[in-house]
Amino acid sequence: MIRALSASEVAAALPQLAATLRECVEAGASVGFVMPFAQSEAEAFFRDSVLPGVASGGRVLWVASEGTTLTGTVQLSLEMMPNQRHRAEVSKLLVRPAFRRRGIARALMQALLARAAAEQRPLVTLDTRSGDSAQPLYAALEFEVAGEIPGFALAPDGTGRRDATTYMYRTAPEPARPVSR
């Protein structure tokens, strides 16, 4: 089941969201965190960085679940500068390692893209570690590569290696505008 969470639901789900983040980073996901990091850091990220955006309506967070188990999550940032209000940004697509290869990431991204369209955000951007396992999924969802920056982010394993990051974008057709006569 895929659903967007309210701010109070995000607050209640903090332990599961944090556990999902930790499991993904431990499995090698490059999502801004470097091992080792504590569960409390993961919870603080969702509580202090994500929750305020969900509460204000500037960020949407979806979860995938099987029963009471959170299996994945993704976020859409709608908070953009005035000259960028036609776009939105994907953040933290995470699927717990035990639940991968079941279509969860695709389902989360499809929900996100539907919301971006509903918000009239025809340009959706994201970044991913170059060569990451999610990159073919993004390509299948019609994201195109904008470019790559070498040595952009530290590897999540804590070795100090610097990995390249690929920026991607997806454009949707602009809605037809009334013709003035």
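Quick caveat: nothing in here was measured; it's all calculated off a predicted structure.

Caption draft 1: Representation of the sheet that holds strand 6 (residues 144-154) within the structure. In spatial order, the strands read 1-2-3-4-5-7-6; together these seven strands make up an open sheet with mixed pairing. The sheet is open, and its two borders are formed by strand 1 (2-4) and strand 6, each paired with just one other strand. Strand-to-strand, the axes of this sheet are offset by a mean angle of 25°, without reference to chain direction. Of the strands in this sheet, strand 2 (59-66), strand 3 (69-77) and strand 4 (87-95) are in contact with helix 2 (residues 14-26), which crosses strand 3 at around 90°. Its contacts with the sheet put helix 3 (residues 39-56) on strand 2, strand 3 and strand 4, and the angle it makes with strand 2 is roughly 115°.

Caption draft 2: Summary view of the packing of helix 2 against helix 3. Interaxial distance between helix 2 and helix 3 falls to 8 Å at its minimum, and their mutual angle equals 115°. Crossing handedness for the pair helix 2 and helix 3: right-handed. Along the contact surface, helix 2 presents Leu14, Pro15, Leu17, Ala18, Ala19, Leu21 and Arg22, while helix 3 presents Gln39, Ala42, Glu43, Phe45, Phe46 and Arg47.

Caption draft 3: How the structure looks around the nonpolar core. Grouped together as the largest cluster of nonpolar side chains are 26 residues, with contacts concentrated most on Met109, Leu112 and Phe143. Looking at this core, the elements that each hand over two or more residues are strand 2, strand 3, strand 4, helix 4 (104-118), strand 5 (123-129) and helix 5 (135-140). Residues contacting methionine 109, with those up to four places away along its chain left out, are Val74, Val90, Leu93, Leu126, Leu137, Tyr138, Leu141 and Phe143. Grouped together as the second largest cluster of nonpolar side chains are 23 residues, Ala13, Phe46, Leu70 and Leu94 included.

Caption draft 4: Geometry of the environment of proline 15. Inspection of the secondary structure assignment puts proline 15 in helix 2. For the pair proline 15 and phenylalanine 46, spaced 31 residues apart in sequence, the C-alpha separation works out to 9.4 Å. In this view, proline 15 contacts Gln39 and Glu43; residues no more than four positions away in its chain are not counted.

Caption draft 5: Structural detail: the pattern of salt bridges. Throughout the structure, instances matching the rule amount to 12 salt bridges. Among the salt bridges present, the one from glutamate 119 reaches arginine 115, with a minimum N-O distance of 2.9 Å. With a closest N to O distance of 2.8 Å, aspartate 132 and arginine 129 form a salt bridge. The exposure classification of aspartate 132 matches that of arginine 129, with both residues buried. Several salt bridges converge on common partners, so that one network encompasses Arg129, Asp132, Asp157, Arg161 and Asp163.

Caption draft 6: Highlighting the pairing of strand 7 (residues 162-171). Two elements, strand 5 and strand 7, share seven bridges in a ladder whose sense is antiparallel. Each residue of the ladder has a partner; that of threonine 128, found in strand 7, is threonine 166.

Definitions and cut-offs
- Residues numbered from 1 in each chain as written.
- Predicted model: local features only at pLDDT ≥ 70, side-chain atom pairs only at ≥ 80, totals over all residues.
- Heavy atoms only, no water.
- Pairing = 2+ DSSP bridges.
- Helix = DSSP H or I, 4+ residues; strand = E, 2+ residues; numbered from the N terminus.
- Axes fitted to C-alpha atoms, helices over the stretch in contact; angles between N-to-C directions.
- Contact = heavy atoms within 4.5 Å.
- Left-handed = near helix turned anticlockwise from the far one by under 90°.
- Core = buried A, V, L, I, M, F, W, Y, C linked by side-chain atoms within 4.5 Å.
- Buried < 20%, exposed > 50% of the residue type's maximum accessible area, 1.4 Å probe, protein only.
- Salt bridge = Lys/Arg side-chain N within 4 Å of Asp/Glu carboxyl O.

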